[in-house]
Amino acid sequence: MLKNYIKPMKIGNIEIKNNVFLAPMAGVTDIPFRKVCRKFGPGLTFTEMASTKAMEFNSEKTEKILHIMDGERPSVVQIFGSDKNVIRNTIEKLNEDDSIDIIDINMGCPAPKLVKNGDGAGLLLNLDNVEEIIKEATKVSKKPITVKTRKGFNDNTITAVKVAKICEKYGVAMITIHGRTREEYYSGKADLDIIKAVKEAVSIPVIGNGDIVDLESAKRMFEYTGCDGIMIARGSQGNPWIFKSILEDNEYIPTNKERLEIILEHINYSLENEENKKQAVLKMRKHIAWYLKGLKNSTYVKDKVNREEDIENVKKMLIEFLGE
C-alpha cells in the first residue's frame, strides 16, 4: 500500500511532516500556485529557481521569486548558477533571511539559455565545478543545502551517482534525481533504475522525480527505487489535489464546484500577488488551461479565456462553465 511509504522525514535539522513534495518549476511555482498546493498537504513546496547572478545585482524580480509566504514553513528556495563565489555570496545573503529553512541548488534545468552559461544541467559537463560549488555552499550555509539534478547530460554522460557521492561527501542534506538526461528534456519515460542506483550508492535522503502523475506512479517510484520521498512536477499542474490523493492513498476527484472554487481562489491569490491585473490574467491563462484539461467542451472555454483581458469576465466564463 502507498500509505506505507508516506512518512515524516528530516532534512538536516529541519523536520518535514511528510515526504511528498511540490517540485520547483520556472514560471509555475510562484506564490499563488504554492499557496493552492499547500492546501492539499505536501511536506515541502519549492520556489521557482532564482539566478545567483541576478542576486548579485539586487534584482527586485529575483527577490520576489525568493519570497516566502505566510504559512509556508518549512520553506525551500531554489537557486542556480555556476560560479562558486557568486553562489557563496547568495547563500550568505539567504542566511540572514529567517523565513528560509532550506536552500536547494539547481543542477538539472535543461533550458538552453542556462546550459549555454554552464548553469543548471550545464554543470553536469563539469563535475570539478560541481564539487567546488557544493564544497563552498555547504561551508558557508547556516541552513541545510539540498541539490536537484538529472540522470546526466546525455546517454554518454550519466552523472547522477557521481553527483550524489559528491553531495554526500560535503554534507548535502538531500538530493533529488529526475530520471531523464538533459538531452531528453521531458520526453520518453523517466529512468527509475538511475534513481534506484543513487539510493543504493549514498546514505543521504534521495528523492525520486519524474512521471509521478497518480497513485500508481507514486507507488511505483517508492517501491522500485527505494527512494526516501517523491517530488511531483507536471503532475500537479491543474491538479493540486494529487497531493491529497497520494497522502491519503485514495484518488480524489473534485466535483466541478470544487474545481471552480480552487480556480477562483488561485485567481484571487494571483491578483493579490501581482502589481497589475493584466499580469495576473496572463499568468493565470496556462493554469486555467491545465485545470480545465480533459473536461467536456473545455476547448471552447479555454480559447475564450485566452482572448479575454478582464479578469472579472474570466471569472464569469468559468462560473458559467463549471457552476452547478
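Quick note: structure is the one above.
These notes cover the structure that comes with them. Residue numbers here run from 1 along each chain, matching the order of that chain's written sequence. In keeping with the model being predicted, local features are shown solely for residues with a pLDDT of at least 70 and side-chain atom pairs are shown and tallied solely at 80 or more, while totals for entire chains, interfaces and linings include all residues. Side-chain descriptors were evaluated using all non-hydrogen atoms of the structure, hydrogens and water having been removed beforehand.

### Examining the packing of aromatic side chains
Ring pairs are drawn from Phe, Tyr and Trp, using the six-membered ring of Trp, whenever the two centres fall within 6.5 Å, and their geometry is named by plane angle: stacked under 30 degrees, edge-to-face over 60, tilted for the rest. The final tally for this structure, using the stated rule, is four aromatic pairs. Look at Tyr5 and Phe222: their rings are 5.3 Å apart centre to centre, the planes differ by 10 degrees, and that puts the pair in the stacked class. Linking Tyr5 in the segment before β1 (9–11) with Phe222 in helix α9 (residues 215–225), this pair joins segments that are 217 residues apart in sequence. A relative accessible area of 24% means that Tyr5 is categorised as partly exposed. When accessible area is computed with a 1.4 Å probe and restricted to protein chains, residues below 20% of their type maximum are described as buried, those above 50% as exposed, and intermediate ones as partly exposed. Judged by relative accessible area, which is 2%, Phe222 ranks as buried. Centre to centre, the rings of Trp241 and Tyr291 are 6.3 Å apart; their planes meet at 40 degrees, and the pair counts as tilted. Helix and strand assignments follow DSSP, with helices taken as H or I runs no shorter than four residues and strands as E runs no shorter than two, numbered in order from the N terminus.

### Digging into the packing of helix α7 (residues 160–169) against helix α8 (residues 192–201)
The angle between two axes is taken between their N-to-C directions and runs from 0 to 180 degrees, where each axis is a line fitted to C-alpha atoms and a helix contributes only its stretch in contact. Remark: α7 packs on α8, axes separated minimally by 9 Å, with the N-to-C direction vectors making an angle of 30 degrees. One finds that α7 runs roughly parallel with respect to α8. Crossing angle aside, the handedness with which α7 passes α8 is right-handed. Of the residues in α8, those in contact with Ala160, Val161, Ala164, Lys165 and Glu168 of α7 are Ile194, Ala197, Val198 and Ala201. As a working rule, the residues Ala, Val, Leu, Ile, Met, Phe, Trp, Tyr, Cys and Pro are called nonpolar, Asp, Glu, Lys and Arg charged, and the rest polar, with Gly in that last group. A breakdown of the residues in the contact of α7 with α8 according to their chemical character gives seven nonpolar, no polar and two charged. Each angle receives one of four descriptions, namely roughly parallel if under 35 degrees, roughly antiparallel if over 145, roughly perpendicular if within 65 to 115, and oblique otherwise. Working rule for handedness: look at the near helix, and if it is turned counterclockwise from the far one by less than a right angle, call the crossing left-handed; if clockwise, right-handed. For this analysis, residues touch if any pair of their heavy atoms sits within 4.5 Å.

### Digging into the pairing of strand β11 (residues 229–232)
Here β11 shows two buried faces, one formed by Gly229 and Met231 and the other by Ile230 and Ile232. One bridge is not enough; two strands pair if DSSP finds at least two bridges between them. By the bridge criterion, three bridges tie strand β3 (residues 20–22) to β11 in an arrangement that is parallel. Opposite Phe21, over in β11, you have Met231 as the bridge partner. In the sheet, strand β10 (residues 206–209) pairs with β11 via three bridges, with the strands oriented parallel. Each residue of the ladder has a partner; that of Asn209, found in β11, is Met231.

### Here we look at the pattern of salt bridges
What counts as a salt bridge is simple: a side-chain nitrogen of Lys or Arg found within 4 Å of a carboxyl oxygen of Asp or Glu. The full count for this structure, using the stated rule, is 20 salt bridges. Between Arg73 and Asp101 there is a salt bridge, with its nearest N and O atoms 2.7 Å apart. Taken as a pair, Arg73 in the loop between α3 (60–65) and β5 (76–80) and Asp101 in the loop between α4 (84–95) and β6 (102–107) lie far apart in primary sequence, 28 residues in all. When its relative accessible area of 45% is taken as the criterion, Arg73 is described as partly exposed. When its relative accessible area of 11% is taken as the criterion, Asp101 is described as buried. Note that Glu96 is salt-bridged to Lys142, the shortest N-O span being 3.7 Å. One end of the pair, Glu96, is in the loop between α4 and β6; the other, Lys142, is in the loop between α6 (127–140) and β7 (145–154), and 46 residues separate them in sequence. The exposure class assigned to Lys142 is exposed, which follows from its relative accessible area of 65%. Linked by salt bridges that have partners in common, Lys64, Glu274 and Lys283 make up one network.

### What to know about the pairing of β5
Burial analysis of β5 places five of its five residues in the buried class, which makes it a mostly covered element. Residues of β5 alternate between two faces, with Val76, Gln78 and Phe80 on one and Val77 and Ile79 on the opposite face, all of them buried. For strand β4 (residues 44–51) and β5, the ladder comprises four bridges, and the chain directions are parallel. Looking at the pairing, Ser51 lines up with Phe80 of β5. Where β5 meets β6, four bridges bridge the pair, whose relative direction is parallel. Across the sheet, residue Gln78 finds its bridge partner in β6, namely Asp104. Look down the strands so they point away from you; if the path from the first strand over the helix to the second goes clockwise, the crossover is right-handed. Considered for its hand, the β-α-β crossover made up of β5, α4 and β6 is right-handed.

### Quick look at the nonpolar core
Put simply, a nonpolar core is a bunch of buried Ala, Val, Leu, Ile, Met, Phe, Trp, Tyr and Cys residues held in one set by side-chain atoms that sit within 4.5 Å of each other. The biggest cluster of nonpolar side chains holds 94 residues, and the ones touching the most others in it are Ile11, Phe21, Ile175, Ile230, Ile246, Ile267 and Ile288. A per-element tally of this core places helix α11 (residues 256–273) first, with six residues.

### Brief notes about the packing of helix α12 (residues 277–292) against helix α13 (residues 298–307)
It is at 10 Å that the axes of α12 and α13 come closest, and there the two elements cross at 170 degrees. In terms of axis orientation, α12 runs roughly antiparallel to α13. Across from Arg285, Ile288, Ala289 and Leu292 in α12, the residues of α13 making contact are Ser298, Val301, Lys302, Val305, Asn306 and Arg307. Per-class residue counts for the contact of α12 with α13 are five nonpolar, two polar and three charged.

### A short note on the side chain of Lys143
Summarising the element assignment, Lys143 is placed in the loop between α6 and β7. Neither His nor the chain ends is counted toward charge; the positive residues are Lys and Arg and the negative residues Asp and Glu. One buried charged residue, Lys143, forms no salt bridge at all, with the nearest opposite charge on Asp98 at 5.0 Å. Within the local environment of Lys143, its side chain forms a polar contact with the backbone oxygen of Asp97, the two atoms lying 2.9 Å apart. Throughout this description, a polar contact denotes any pair of N or O atoms lying within 3.5 Å of each other; where both atoms belong to protein, one of them has to be capable of donating a hydrogen while the other can accept it, and for residues adjacent in sequence the pair is counted only when both atoms sit in side chains. A polar side-chain atom of Lys143 sits 2.8 Å from the main-chain carbonyl oxygen of Ile100. Residues in contact with Lys143, not counting those within four places in the same chain, are Leu94, Asn95, Asp97, Asp98, Ile100, Asp101 and Ile103.

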